[in-house]
Amino acid sequence: MFSITVRDHIMIAHSFRGEVFGPAQRLHGATFLVDATFRREQLDDDNIVVDIGLATQELGAVVSELNYRNLDNEPDFAGINTSTEFLAKVIADRLAERIEKGALGEGARGLSGLTVTLHESHVAWASYERAL
């Protein structure tokens, strides 16, 4: 399996509901490094997984929709605990929609999988992996 990974970051505010979250139930900020890894079994006709420039551009577009937002105030997330795991899935699904629409070029139609990893710190991160 071949893969490439591109990286961006987001800065958000949010709070959680539930005792399991302790002090994070209060409004707080979070900064995440965001890695998107694109996979395919065979390289395309240009011997690449996907155009890195387009992958970087589209990841940037997806995270810009979340960046500098209080997610508690975003209608898409009303009543939802926007955990690191949940946000990794949101970003992966939004990237997958862009791939399906052709935003990463025709060669991206041969991608078989996508993993999005959000790094909370140098010691903790969460990922969501999906087929394409």
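Residues numbered from 1 in each chain as written. Predicted model: local features only at pLDDT ≥ 70, side-chain atom pairs only at ≥ 80, totals over all residues. Heavy atoms only, no water.

**Some remarks on unusual backbone geometry**
Alright, step 1. Notably, Asn47 is not glycine yet its phi reads approximately 65°, a positive angle.
Alright, step 2. Mapped onto the secondary structure, Asn47 falls in the loop between strand S2 (28-40) and helix H1 (52-64).
Alright, step 3. Note on Asn47: relative accessible area 57%, which makes it exposed.
Alright, step 4. The backbone of Tyr68 shows a phi angle near 60°, a positive value even though the residue is not glycine.
Alright, step 5. On the basis of relative accessible area, Tyr68 is assigned to the exposed category, the value being 62%. (Helix = DSSP H or I, 4+ residues; strand = E, 2+ residues; numbered from the N terminus. Buried < 20%, exposed > 50% of the residue type's maximum accessible area, 1.4 Å probe, protein only.)

**With respect to the sheet that holds strand S1 (residues 2-14)**
Alright, step 1. Taken in spatial order, the five strands of this open sheet run S3-S1-S2-S4-S5, and their pairing is mixed. Either end of the sheet is taken by a strand with one partner, and the two such strands are strand S3 (69-70) and strand S5 (125-131).
Alright, step 2. Across seven bridges, strand S4 (residues 113-119) lies against S5 in antiparallel orientation. The residue bridging Leu118 from the neighbouring strand is Ala126, located in S5.
Alright, step 3. With respect to the sheet, H1 is in contact with S1, S2 and S3, its orientation differing from that of S1 by roughly 20°.
Alright, step 4. Contacts from helix H2 (residues 84-100) reach S1, S2, S4 and S5 within the one sheet, and its direction differs from that of S5 by about 35°. (Pairing = 2+ DSSP bridges. Contact = heavy atoms within 4.5 Å. Axes fitted to C-alpha atoms, helices over the stretch in contact; angles between N-to-C directions.)

**Description of the pattern of salt bridges**
Alright, step 1. Per the counting criterion, the structure on display carries nine salt bridges.
Alright, step 2. A salt bridge links Arg98 to Glu65, with the nearest nitrogen and oxygen atoms 3.3 Å apart. In this pair, Arg98 sits in helix H2 while Glu65 sits in the loop between H1 and S3, placing the two residues 33 residues apart along the sequence.
Alright, step 3. A residue is classified by how much of its surface remains accessible, and Arg98, at 22% relative accessible area, is partly exposed.
Alright, step 4. Owing to a relative accessible area of 35%, Glu65 belongs among the partly exposed residues under this scheme.
Alright, step 5. Of the charged contacts, one joins Asp76 and Arg94 as a salt bridge, the two residues approaching to 3.3 Å between their closest N and O atoms. Of this pair, Asp76 sits in the loop between S3 and H2 while Arg94 sits in helix H2; the two residues are 18 residues apart in sequence, bridging distant segments of the chain.
Alright, step 6. In this structure Asp76 comes out as exposed when scored by relative accessible area, which is 58%.
Alright, step 7. Residues joined by salt bridges that share partners form a network here, namely Glu58, Glu65, Asp76, Arg94 and Arg98. (Salt bridge = Lys/Arg side-chain N within 4 Å of Asp/Glu carboxyl O.)

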